Amino acid sequence: MVTTRTPLMAGNWKMNFNHLQAIAFVQKLAWTLKDAGHDYEEVEAAVFPPFTDIRSVQTIVDADKLKLGYGAQDLSQHDSGAYTGDVSGEFLAQLGAKYVLVGHSERRTLHDETDEVCRAKVNAAVRHGLVPVLCVGESLEQRESLEDPASVSVEQLKAGLADVQAGAEVVIAYEPVWAIGTGEVATSEQAQEVCASIRRAVSELLGEEAAANVRILYGGSVKPGNVASIMREPDIDGALVGGASLSVEDFSSIIRYRSHVGV
Ligand code: 13P
């Protein structure tokens, strides 16, 4: 099938960069991509800064009319009220955020976010016009012990998207927990196998058209040197990049993967 899915290169900064560093980084990234003649219609790029940076990123994106997208790393499942420390999707939408990560493995493990919470957060994102980037993926123990490690991602996906309607835009990020920040990247075959299972599950849940349109990203130790081979896989439509998204040189190279020699 000929796909019309625009690849998305997403930089998850995690808890890095204050708002001043964020401004400097975004400016430098935009200049670098401009110098390289990057076409954002061909490969979309977005950053996911800490909450405290988002207003600054919005200001620079608006002032310089940048085509770089941005999103948040989390949101509250609630819209407003007595939820100290939480941030509403409404506030993120007001700041021009397009995307929001939901259920990153660091949220699932460090903040005990269950599938039920992820489902409520996906719904909150959709309610506020944000595109949820639902993160799924198996642990090392699950990869080694389960006959079908893809089933972990499929179950997380079914739970997270349980209330989503077929027309809503969502992005899925397959991030095997054992590949995050470890330098141990999944082989492109391993990543493709799980991403294909994810797409089949989207088809069962939301129909063929939704499955053909949904973008599935791979995340876990993506670097300039391995991105091109990952992107050759038919069911992988982009990358969710952690460490390498903190370097303008590396992240711009990842975004420009199509210009890599031999691709
Ligand atoms: P690394 O690219 O540092 O492995 O992180 C992946 C990740 O968790 C992105 O969300």
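Quick caveat, the model's predicted, so the values are computed rather than measured.

The rules behind the values
Residues numbered from 1 in each chain as written. Predicted model: local features only at pLDDT ≥ 70, side-chain atom pairs only at ≥ 80, totals over all residues. Heavy atoms only, no water. Helix = DSSP H or I, 4+ residues; strand = E, 2+ residues; numbered from the N terminus. Buried < 20%, exposed > 50% of the residue type's maximum accessible area, 1.4 Å probe, protein only. Contact = heavy atoms within 4.5 Å. Areas by Shrake-Rupley, 256 points an atom, 1.4 Å probe, with all protein chains shown as cover. Lys, Arg positive; Asp, Glu negative; His and termini not counted. Charge placed at Lys NZ, Arg CZ, Asp CG, Glu CD. Core = buried A, V, L, I, M, F, W, Y, C linked by side-chain atoms within 4.5 Å. Polar contact = N/O pair within 3.5 Å; in protein donor to acceptor, adjacent residues only side chain to side chain. Near = heavy atom within 4 Å. Nonpolar A, V, L, I, M, F, W, Y, C, P; charged D, E, K, R; others polar. Expected span 1.5 Å × (residues − 1). Pairing = 2+ DSSP bridges. Axes fitted to C-alpha atoms, helices over the stretch in contact; angles between N-to-C directions. pLDDT = per-residue confidence, 0-100.

1. Side note on the overall build of the protein
Within the protein one finds eleven helices and eight strands. Along the three orthogonal principal directions, the C-alpha set of the protein runs to about 55 × 50 × 35 Å. Relative to its full complement of 263 residues, the protein shows a buried share of 52%. Considering only contacts within the protein whose residues lie at least 6 apart along the sequence, 73% involve residues at least 24 apart. Accessible surface, the protein: about 12100 Å² in total, of which carbon and sulfur atoms supply 50%. Distance from the positive charge centre (22 side chains) to the negative charge centre (37 side chains) of the protein: 6 Å.

2. Examining the nonpolar core
The biggest cluster of nonpolar side chains holds 67 residues, and the ones touching the most others in it are Met9, Leu29, Leu92, Leu161, Ile172, Ile198 and Tyr218. When residues in this core are grouped by element, the largest group, seven residues, is from helix H8 (residues 188-206). Setting aside residues no more than four positions away along its own chain, Leu92 makes contact with Phe51, Ile54, Ala72, Asp74, Leu75, Val87, Ala97, Val100 and Leu130.

3. Side note on the side chain of Ser76
Among the structural elements, Ser76 can be located in the loop between strand E3 (69-72) and helix H3 (89-94). Judged by its relative accessible area of 5%, Ser76 is buried. In this structure the side chain of Ser76 is engaged in a polar contact, spanning 2.9 Å, whose partner is the backbone nitrogen of His78. Each residue touching Ser76, except ones within four places of it in the same chain, is listed here: Asp86, Val87, Ser88, Lys121 and Ala124.

4. Quick word on helix H2 (residues 51-63)
Those residues of H2 lying buried are Asp53, Ile54, Ser56, Val57, Gln58, Ile60 and Val61. Looking one or two residues beyond H2, the residue adopting positive phi is Lys65, at roughly 50°.

5. Here's the deal with the site of the ligand
Around the ligand, the structure places 13 residues, and the nearest of them are Lys14, His104, Gly181, Ser221 and Gly243. Within the side chain of Asn12, a nitrogen or oxygen atom sits 3.0 Å from an oxygen atom of the ligand. One of the backbone N or O atoms of Gly242 is found 2.9 Å from an oxygen atom in the ligand. Coverage of the ligand by the protein chains reaches 96% of its 310 Å² of free accessible surface. Class assignment for the residues of the shell around the ligand results in four nonpolar, seven polar and two charged.

6. Things to note about H8
Because an α-helix packs 3.6 residues into every turn, residues spaced three or four apart end up facing the same way. In this model, H8 (19 residues) spans 26 Å end to end at C-alpha, consistent with the 27 Å of a helix rising 1.5 Å per residue. Among the residues of H8, Ser188, Ala191, Gln192, Val194, Cys195, Ala196, Ser197, Ile198, Arg199, Ala201, Val202 and Leu206 are the ones counted as buried.

7. Brief notes about the sheet that holds strand E6 (residues 171-174)
Spatially, the eight strands close up into a barrel ordered E1-E2-E3-E4-E5-E6-E7-E8, and their pairing is parallel. If you compare each strand with its neighbour and ignore which way they point, the axes differ by 25° on average. Of the strand pairs in this sheet, strand E5 (residues 131-136) and E6 are connected by four bridges, and their pairing is parallel. In the sheet register, Leu134 faces E6, and the bridge partner there is Ile172. Lying on the sheet, helix H5 (residues 115-127) is in contact with strand E4 (99-102) and E5; it crosses E5 at an angle near 160°. Relative to the sheet, helix H11 (residues 248-255) contacts strand E1 (8-12), strand E2 (44-48) and strand E8 (238-241), its axis offset from that of E1 by approximately 160°.

8. Some remarks on the confidence of the model for the protein
Considering every residue of the protein, the mean pLDDT works out to 96; 98% of them sit at 70 or more. Taken element by element, the predicted model of the protein shows its lowest mean pLDDT in helix H6 (residues 140-145) (93) and its highest in E4 (99).

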